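# Survey of secondary and tertiary structure
Spelled out, the chains give:
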Amino acid sequence: GGGLGLGLGLTALGESLLKRLWPSGRQVVVDEQTIQLRADGRLTSLDRTKLITPTYWYFQLKGYPRAGAERRPPEGHFCLACRLQQDEATIILFTFASPKLAATWTADKRFHELPPAALYGKGPGRRLFTPPTRPKLSAELIRSKDGPYWLAERGRWQDGLELTESDFTQLMGILDFGF
């Protein structure tokens, strides 16, 4: 029993250290002229001197079967996300934030709340007996008032880049949130 606990502890510590020492190869670079995402051998660049259309949304990590990186933060934290689009180029950035830090954005009217129950269903049985997967977006959900945000969320699942809370805060300041 003790060996199992020790093994799990060492695995968690090793994973944490590897994340710091072995970079993902994905990088966001912001300067006065551009916002660039370098990922998977591709470069996506947005010209800051031209119109960039932002979409901001959030949801609480609670009440649905979490998948992927959403399983790491404690229940009750928030996912804060931002999609920046210019012509055909899109960059999606997000962070997982504590309720205290998330309160800054959840109070901002530019951020739209997505209800995970609309996608995953309601009730404790759904949460306990549903495997953590990404469901398909129904046509009804896409046509709803939240539809554009659900499409952006699907993009986050596929191509989003996770930032630290401090990097996300810095990005919001650059995007003229005044933080």
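This text goes with the structure placed above it.
Throughout what follows, the structure given in this document is the object of discussion. A quick note: this is a predicted structure, and the numbers were derived from the prediction, not measured.

Moving on to the overall build of the protein. Of the regular secondary structure elements, the protein holds seven helices and eight strands. Burial status across the protein gives 36% buried among its 179 residues. Within the protein, counting contacts between residues at least 6 apart in sequence, those at least 24 apart form 61% of the total. When the accessible surface of the protein is summed, it comes to about 10,900 Å², and 55% of that surface belongs to carbon and sulfur atoms.

Our focus in this paragraph is the layout of surface pockets. If you add up the space inside the second largest pocket, you get close to 250 Å³. Lining of the second largest pocket is provided by 13 residues; of these, Arg 42, Thr 90, Ile 92, Gly 155 and Asp 159 occupy positions nearest its centre. Broken down by secondary-structure element, the contributors of at least two residues to the lining of the second largest pocket are β2 (34-39), β3 (42-47), β5 (78-86), β6 (89-97) and α6 (147-159). Per element, the largest residue contribution to the lining of the second largest pocket is four residues, and it comes from α6. Residue classes in the lining of the second largest pocket are distributed as five nonpolar, four polar and four charged.

Moving on, we come to helix α7 (residues 165-174). Three or more residues of α7 are buried, namely Phe 168, Leu 171 and Met 172. Viewed along the axis of α7, the buried residues span an arc of 100°, placing them on a single side of the element. More than 90 degrees from the buried face of α7, the exposed residues found are Ser 166 and Gln 170. Structurally, α7 contributes buried residues whose contacts are with β4 (53-60), β5, β6, α2 (99-106) and β7 (111-113). Just past α7, the residue Asp 176 takes up positive phi, approximately 75°.

The tally for this structure, following the rule as stated, stands at one cavity of 30 Å³ or more. Lining the largest cavity we find Phe 59, Tyr 64, Glu 70, Pro 116, Leu 119, Tyr 120, Arg 134, Trp 150, Glu 153 and Trp 157. Of all the elements in the fold, those that place two or more residues in the lining of the largest cavity are α3 (116-120) and α6. Tallied by class, residues from the lining of the largest cavity come to seven nonpolar, no polar and three charged.

This part covers the pairing of β2. For β2, the buried fraction is high: five of the six residues fall into the buried class. Inspection of the sheet shows strand β1 (residues 27-30) paired to β2 by four bridges, in the antiparallel sense. For Val 29, the partnering residue across the bridge sits in β2 and is Gln 36. Across six bridges, the pairing between β2 and β3 is antiparallel. Paired with Gln 36 across the bridge in β3 is Ser 45. Taken together, β2 and the strand that follows it, β3, pair antiparallel across an intervening segment of two residues, in which Asp 40 is found at a positive phi of about 55°.

Within the open sheet, the five strands sit side by side as β7-β4-β5-β6-β8. Their pairing is mixed. Unpaired on one side and paired on the other, β7 and β8 (161-162) mark the two borders of the sheet. As paired elements, β4 and β5 share eight bridges and run antiparallel to each other. Its bridge partner lying in β5, Pro 54 is registered against Leu 84. Sheet strands in contact with α6 are β4, β5, β6, β7 and β8, and its direction is about 85° off that of β4. Along the sheet face, α7 touches β4, β5, β6 and β7 and points at about 130° away from the line of β6.

Rules and cut-offs
- Residues numbered from 1 in each chain as written.
- Predicted model: local features only at pLDDT ≥ 70, side-chain atom pairs only at ≥ 80, totals over all residues.
- Heavy atoms only, no water.
- Helix = DSSP H or I, 4+ residues; strand = E, 2+ residues; numbered from the N terminus.
- Buried < 20%, exposed > 50% of the residue type's maximum accessible area, 1.4 Å probe, protein only.
- Contact = heavy atoms within 4.5 Å.
- Areas by Shrake-Rupley, 256 points an atom, 1.4 Å probe, with all protein chains shown as cover.
- 1 Å grid on protein atoms, 1.4 Å probe; cavity = no way out; pocket = protein on both sides within 12 Å on 5 of 7 lines; lining within 4 Å.
- Points joined across faces, edges and corners; volume = space filled by probe spheres on them.
- Nonpolar A, V, L, I, M, F, W, Y, C, P; charged D, E, K, R; others polar.
- Arc of directions from axis to C-beta.
- Pairing = 2+ DSSP bridges.
- Axes fitted to C-alpha atoms, helices over the stretch in contact; angles between N-to-C directions.

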